[in-house]
Amino acid sequence: MRWRGTGAPPVAIGDAQGCLDCLAALVRKVDAEAAPGADPLRLWLVGDLVNRGPDSLGTLRWAIANEHRVTVVLGNHDLHLLAVAAGIRPMHRTDTLAEILAAPDATELIDWVRRRPLAHLEADHLLVHAGVLPQWSARRTVELAAEVQQVLSGPRWIDFLRVMYGNEPSRWDDALGGADRLRVIVNALTRLRFCTADGTMEFRTKDSAAAAPPGHLPWFEVPDRASRDVTVVFGHWSTLGLVNRPALLGLDTGCVWGGALTAVRLGDRAITQIRCAAQQQPG
């Protein structure tokens, strides 16, 4: 499915996770491949902007400095940053968030992160971090994501973070309300890999699509999912590698694990990659 917008199509980039050198090099390479004299290409980032890589603070500052051309959705590591900053979750051994929290403008940095969306829809392309439940159309996904964004960007964002974590409810229901409703939305958009045909989510399995638990499928393989009429652009799932199908783009190619950081032009699906040195060991 090709780009049908009125403006120049953006370039979508996978999970950077604090690997600023790779991200900056990839953007320079993408810019160099653009037509001479063209406006700076717009960039879509699939989330997990920070954490585990060597320069989470620099990556966050880079995104803010380039806000005029960057659209980024929140990933699970970005939400973890918010929770650590709010004192809701402890710092993990492999986290690389301390520099952000110690920065003199940490409050402003955190405020910028918590005001990012969880989904973005433009020209029949839907940008999310992890996945979309089979019941949700693209438009419905954006509406539900906006419910979470409204809370995160508001004065009671820390109250929400206190109840955000958990695996239940594991399935969407339009009748859900309160914390349960928002938790399902967050889990789908930032954690989803496998689910059943009715959208019941499973969070333990992190292996490739071939390792689906019994009765489960990769979320994008569920028959007749309501978002199949748009191209879903996502990250989060490094064991998938690059997924480049007519209506699906999976862009987490394991930069932080020693894989690559990947960019795809949404207009013609041209692929640009930068190989990355391993910053962490899996597990």
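Higher on the page you've got the structure.
The text that follows walks through the structure, step by step, so that each part is easy to find. Quick caveat, the model's predicted, so the values are computed rather than measured.

1. Here's the deal with the pairing of strand β9 (residues 231-234)
- Burial along β9 is two-sided: Thr-231 and Val-233 facing one way and Val-232 and Phe-234 facing the other are all buried.
- The pairing of strand β5 (residues 125-127) with β9 spans three bridges and is parallel. Among the inter-strand pairings, Leu-126 is bridged to a residue of β9, identified as Val-232.
- Pairing geometry for β9 and strand β11 (residues 248-250), over three bridges, is parallel. Of the residues in β11, the one forming a bridge with Phe-234 is Gly-250.

2. Focus on the pattern of salt bridges
- Summed over the entire model, instances satisfying the criterion amount to 15 salt bridges.
- Here Arg-114 and Asp-111 are joined by a salt bridge, their closest N and O atoms 2.9 Å apart. With Arg-114 and Asp-111 both in helix α5 (residues 106-114), this residue pair falls three residues apart, about one helical turn.
- Exposure remark for Arg-114: the relative accessible area of 7% places this residue in the buried category.
- You can call Asp-111 partly exposed: its relative accessible area is 22%.
- Of the charged contacts, one joins Arg-183 and Asp-180 as a salt bridge, the two residues approaching to 2.9 Å between their closest N and O atoms. Placement of both Arg-183 and Asp-180 in helix α8 (residues 178-191) is noted, with a separation of three residues, approximately one turn of the helix.

Quick notes on the rules
Note on numbering: residues in each chain are counted from 1, in written sequence order. Local features in this predicted model are restricted to residues whose pLDDT is 70 or higher, and side-chain atom pairs enter the listing and the counts only when it is 80 or higher, whereas totals over whole chains, interfaces and linings include all residues. Water and hydrogen atoms were dropped before computing side-chain values, which therefore reflect all heavy atoms in the structure. Exposure is judged per residue with a 1.4 Å probe applied to protein chains only, and the accessible area is read against the type maximum: over 50% gives exposed, under 20% gives buried, and values in between give partly exposed. Helix numbers and strand numbers start at the N terminus; a helix is a DSSP run of H or I with at least 4 residues, a strand a run of E with at least 2. Any two strands are treated as partners once DSSP identifies two or more bridges connecting them. Put simply, a salt bridge is a Lys or Arg side-chain nitrogen that is within 4 Å of an Asp or Glu carboxyl oxygen.

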